[in-house]
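Here's the letter readout for the chains.
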Amino acid sequence: ELPPSQFPASRASAVALGYLCYLRGGPGRGLQLRELRRARRQDIDDVGHKYYLELELEDVLDKARTVSCTAEVLYHLGSKTSAPDVQVTVQGELRSTEEADQEFYNWIRSLEKELVAENIPDSHGNVPPELEPIHLLAWVASGYLIWQNSTENTKFHLAQVKHVKQVKRSDEDLQFDYVVLLHEMVSQEVLPWQVTLLWHPQRGARVSQ
Amino acid sequence: LQVDLWQPSSPFHIVEGAVADARVPQNTTRSLLPFLQQENIQYTVLISDLQQAIENQTGGRSHRNRRSLSGYNYEVYHSLEEIEDWMYYLNRTYSDLVHMFSVGKSYEGRPLYVLKLGKRSRPYKKAVWIDCGIHAREWIGPAFCQWFVKEALQTYQTDPDMRKMLTQLYFYIMPVFNVDGYHFSWTHDRFWRKTRSKNMRFHCHGVDANRNWKVKWCDEGASLHPCDDTYCGPFPESEPEVKAVAHFLRKHRKQIKAYLSFHAYAQMLLYPYSYKYATIPNFNCVESAAYNAVNALQSAYGVRYRYGPASSTLYVSSGSSMDWAYKNGIPYAFAFELRDTGHFGFLLPEMLIKPTCTETMLAVKNITLHLLKKCH
């Protein structure tokens, strides 16, 4: 059993949240951690450390809405190149974003010139309302990076979207080429990462390799 | 009828077929436009309200330079110059409660200003030290220090707790500890953390001002590499900012009973040790102070802070100001990590300054009043 106030469980929570943001986030949905309720750690010989977490999450766009979930995060022993294995189960329903997603999709598809933006939020924390969906999609992309690159000795957060460029495609997906700044809490470094995100209102998001 | 000609540079260049741009006062348009129509001169209104356009450009910060306590906008981030002007203003205007002085100079030669707050009610008073902005990019820190001063001066007459605090104690407030770094985060790199000292061998600048103190210096949780963000420096107190404040705190160690340092972000209230996993001797007093402070903070908007020893709550780090202050005999040494928990991180929006500062005030007042009740 682990005290939720201490950092090992909180680092595992960040991984679980990153994974969930990648899987379930979108231009109309961002999730953040309200509270870590319970945490357990299991040391598995020759495999690694497995964390069992009970989380309460809140919807970024509707702070009054919370949802509970359980997560398992397995950090592999010694392996620096292998991402943690994560499983997340959401209890209950996440608010539907179908309408907002479709609206966003139609708006981007209707643009004559490909969307370009930088510094989201700006130095003073401002995000222009029309760019909020782009910001939330950056969270989706960052969620992937955070999940793939975390260890028990790191804790990543998206610090800022440095640059984003939409790339028009011949298929139905939207493509955004991001340069995001990720803040790593333990080393305190803020470093740029390039990531390309594909998104479709029905099919969801995926990071393009 | 007089116009302010913006284009071309002189009336001599106005010829038939050329374009001219002019600014006129609002009321003049009533006579100018009919005249142009009459003379068959084509015109377009490019900007209908210049004042509004300028205000939109500078955002809601057009009042930030106004010299008055109520005129100063505490809900926006201020540049170093603005903060210094503000301190000068308070020093002149509230001389019975505020005394501004400098503890030294930064690497780049800037003064290191501190405000001493409190009623000169008796010859010897205990004191609380508060610093903000040890790390340049943590802008909510200096914003809170300014807020604290504002609250002290504005509510000293009406709030019995604040009156008690300022009568029985002095508060040393250092709104911006890392002045060079803070300035750099405004002009060059919003995510700069360290000081701006130059390194002899590498092309990297700066030392982590919270790894440079003489307490288990450069052990775990700090880096010996000058390019790293947790670089401990070539030796303890190598940074003039650290050295100056350490000198001041050493000199006043008998007087100062609490050390509070404000950082961001994580939503935590931390106490020693950072450099090791061990319980401090006065754990009971400090832990109960932290527990009460965090509850007081939560009572404002329901925001939850975690609390505990820094080493187990956040991470192990060595050479921190909090550990040094504690080792130096200050019984209550705390480090706050203010809002949020990562959604905005360092880029906390200005509209969250007020709630963050409001709830944090409750915690700070709580700790101060706990301190006055003598459990050391």
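Computed from a predicted model, the values in this text were never measured in an experiment. (Residues numbered from 1 in each chain as written. Chains lettered and ligands numbered in written order. Predicted model: local features only at pLDDT ≥ 70, side-chain atom pairs only at ≥ 80, totals over all residues. Heavy atoms only, no water.)

Enquirer: How would you explain the sheet that holds strand β8 (residues 190–200) of chain A if you had to name every residue and give the values?
Expert: Residues and elements named next belong to chain A. Taken in spatial order, the five strands make up an open sheet running β5-β6-β7-β8-β9, and their pairing is antiparallel. Since the sheet does not close on itself, it has two edges, and those belong to β5 (116–120) and β9 (204–208), each with one partner. The sheet shows a mean angle of 30 degrees between the axes of neighbouring strands, taken without regard to direction. Judged from the five bridges that link them, β8 and β9 form a sheet pairing that is antiparallel. Within β9, the position partnered with Thr196 by the bridge is Ser208. In the packing of helix α2 (residues 98–110) onto the sheet, the strands contacted are β6 (156–167), β7 (174–184) and β8, and the crossing angle to β7 comes to about 110 degrees. (Pairing = 2+ DSSP bridges. Helix = DSSP H or I, 4+ residues; strand = E, 2+ residues; numbered from the N terminus. Axes fitted to C-alpha atoms, helices over the stretch in contact; angles between N-to-C directions. Contact = heavy atoms within 4.5 Å.)

Enquirer: How would you summarise the interface of chain A and chain B if you had to cite specific residues and measurements?
Expert: In this assembly, 32 residues from chain A lie in contact with 30 residues from chain B. Between chain A and chain B lies a buried interface of about 2500 Å² when both sides are counted; carbon and sulfur atoms form 52% of it. Contact with chain B buries area across many residues of chain A, yet A:Phe7, A:His124 and A:Gln188 alone supply 26% of it, more than any other trio. At the junction of chain A with chain B, the criterion picks out one salt bridge. Two residues, A:Glu35 and B:Arg304, come together in a salt bridge whose shortest N-O distance is 3.1 Å. Counting every contact that joins chain A to chain B gives eleven residue pairs in polar contact (both at pLDDT 80 or more). For the side of chain A that touches chain B, the secondary structure elements donating two or more residues are α1 (7–24), β1 (31–44), α3 (132–149), β6 and β7 of chain A. When grouped by side-chain class, the residues that make up the side of chain A that touches chain B number 13 nonpolar, 13 polar and six charged. (Buried area = accessible area lost by both parts, 1.4 Å probe. Salt bridge = Lys/Arg side-chain N within 4 Å of Asp/Glu carboxyl O. Polar contact = N/O pair within 3.5 Å; in protein donor to acceptor, adjacent residues only side chain to side chain. Nonpolar A, V, L, I, M, F, W, Y, C, P; charged D, E, K, R; others polar.)

Enquirer: Tell me about the UniProt feature "active site" (unreviewed entry) in chain B, and name the residues and values.
Expert: Residue and element names in this part refer to chain B. Within this numbering scheme, the UniProt entry marks Glu337 as carrying the feature "active site" (unreviewed entry). With respect to the secondary-structure elements, Glu337 resides in strand β10 (residues 332–338). Excluding residues that lie within four positions of it along the chain, Glu337 makes contacts with His263, Ala264, Tyr265, Ala266, Gln267, Met268, Leu270, Tyr305 and Leu314. Only 3.4 Å separates the side chain of Glu337 from the backbone nitrogen of Ala264, close enough to count as a polar contact. (UniProt positions renumbered as here; feature names shortened; annotations may be inferred.)

Enquirer: Provide a residue-level description of the packing of helix α5 (residues 160–168) of chain B against helix α11 (residues 353–372) of chain B, including the pertinent values.
Expert: In a pair of packed helices, the angle between the axes and the distance between the axes together describe the arrangement. All names here are of chain B. Contact geometry of α5 with α11 gives a least axis separation of 11 Å together with a crossing angle of 55 degrees. When the axes of α5 and α11 are compared, the pair comes out oblique. Between α5 and α11 the crossing geometry is left-handed. Two secondary-structure elements touch here, α5 through Asp161, Met162, Lys164, Met165 and Gln168 and α11 through Met361, Lys365, Thr368, Leu369 and Leu372. Looking at the contact of α5 with α11 residue by residue, the class counts come to five nonpolar, two polar and three charged. (Parallel < 35°, antiparallel > 145°, perpendicular 65-115°, else oblique. Left-handed = near helix turned anticlockwise from the far one by under 90°.)

Enquirer: How would you explain the state of the cysteines if you had to name every residue and give the values?
Expert: Residue and element names in this part refer to chain B. Evaluation of the coordinates by the stated rule reveals three disulfides over all chains. The disulfide that involves Cys132 links it to Cys145, with 2.0 Å between the sulfurs. Classification of the bridge connecting Cys132 and Cys145 rests on its S-S torsion, roughly 80 degrees, and on that basis the disulfide is right-handed. Of this pair, Cys132 sits in strand β5 (residues 126–132) while Cys145 is found in helix α4 (residues 140–155), placing the two residues 13 residues apart along the sequence. What makes Cys132 buried here is its relative accessible area of 0%. A disulfide bridge connects Cys218 with Cys232, and the sulfur atoms are separated by 2.0 Å. Between Cys218 and Cys232, the disulfide has an S-S torsion of -75 degrees and is therefore left-handed. Here Cys218, found in the loop between α6 (179–187) and α7 (240–251), pairs with Cys232, found in the loop between α6 and α7; they are 14 residues apart in sequence, far enough to count as distant. (Disulfide = S-S within 2.5 Å. Buried < 20%, exposed > 50% of the residue type's maximum accessible area, 1.4 Å probe, protein only.)

Enquirer: Requested: an account of the layout of surface pockets, with residues and values cited.
Expert: Residue and element names in this part refer to chain B. The volume enclosed by the second largest pocket comes to roughly 1200 Å³. Taken together, 32 residues line the second largest pocket, and the ones lying closest to its centre are Ala20, Asp21, Ala22, Leu32 and Thr44. Mapped by element, the contributors of at least two residues to the lining of the second largest pocket are β1 (4–7), β2 (21–23), α1 (29–38) and α2 (50–58). With five residues, the single largest contributor to the lining of the second largest pocket is α1. (1 Å grid on protein atoms, 1.4 Å probe; cavity = no way out; pocket = protein on both sides within 12 Å on 5 of 7 lines; lining within 4 Å. Points joined across faces, edges and corners; volume = space filled by probe spheres on them.)

Enquirer: So what's going on with the pairing of strand β8 (residues 268–271) of chain B? Which residues, and what values?
Expert: Residue and element names in this part refer to chain B. Here β8 shows no split at all, with Met268 and Leu270 on one side and Leu269 and Tyr271 on the other all buried. Bridging between β8 and strand β9 (residues 306–309) involves four bridges; their strand directions are parallel. Note on β9: the bridge partner recorded for Tyr271 is Pro309. Once the chain exits β8 it traverses helix α8 (residues 283–301) before rejoining the sheet at β9, and the crossover so formed is right-handed. (Right-handed = clockwise from strand over helix to strand, strands pointing away.)

Enquirer: Before we move on, can you summarise the UniProt feature "domain: Cystatin LXN-type" (unreviewed entry) in chain A with the specific residues and values?
Expert: In this structure's numbering, the residues bearing the UniProt feature "domain: Cystatin LXN-type" (unreviewed entry) are residues 1–99 and 116–209 of chain A. Secondary structure across residues 116–209 of chain A divides into 19% helix and 47% strand, with the first and last C-alpha atoms of the span separated by 21 Å.

Enquirer: Which residues make up empty space enclosed by the protein, and what are the values?
Expert: All names here are of chain B. The tally for this structure, following the rule as stated, stands at four cavities of 30 Å³ or more. Considering the residues around the largest cavity, the lining is formed by 24 residues, among which Asn210, His263, Leu314, Tyr315 and Glu337 are closest to the centre. Counting only elements with at least two residues in the lining of the largest cavity, the list comes to β7 (256–264), α10 (321–327) and β10. If you tally residues by element for the lining of the largest cavity, the top one is β7, at three residues. For the lining of the largest cavity, the per-class residue count stands at ten nonpolar, ten polar and four charged.

Enquirer: Mind laying out the sheet that holds strand β2 (residues 48–59) of chain A, listing which residues take part and the relevant values?
Expert: Adjacent strands of a sheet form backbone hydrogen bonds with each other and so pair up, either parallel or antiparallel. Residues and elements named next belong to chain A. Across the sheet, four strands lie side by side as β1-β2-β3-β4; this open sheet has antiparallel pairing. At either end of the open sheet lies a strand with only one pairing partner, and these are β1 and β4 (85–91). If you compare each strand with its neighbour and ignore which way they point, the axes differ by 15 degrees on average. Pairing of strand β3 (residues 62–76) with β4 involves seven bridges; the strand directions are antiparallel. Residue pairing across strands places Val73 opposite Val86, the latter belonging to β4. Taken strand by strand, α1 contacts β1, β2, β3 and β4, and its axis lies near 60 degrees from that of β2.

Enquirer: Summarise α1(A); cite the residues concerned and give the values.
Expert: Here α1(A) is 18 residues long and its end C-alpha atoms lie 25 Å apart, about the 26 Å a rise of 1.5 Å per residue gives. Burial analysis of α1(A) places 15 of its 18 residues in the buried class, the great majority of the element. (Expected span 1.5 Å × (residues − 1).)

Enquirer: For the nonpolar core, give the residues involved together with the corresponding values.
Expert: The tendency in soluble globular proteins is for nonpolar side chains to be buried as a group. Ranked by size, the top nonpolar core spans 172 residues in total, and within it A:Tyr178 and B:Ile130 carry the most contacts. Broken down by element, this core gets its largest block of residues, ten residues, from α3(A). With sequence-adjacent residues up to four places away left out, A:Tyr178 is seen in contact with A:Ile134, A:Leu137, A:Ala138, A:Ala141, A:Val161, A:His163, A:Val164, A:Trp193, A:Gln194, A:Val195 and A:Leu197. (Core = buried A, V, L, I, M, F, W, Y, C linked by side-chain atoms within 4.5 Å.)

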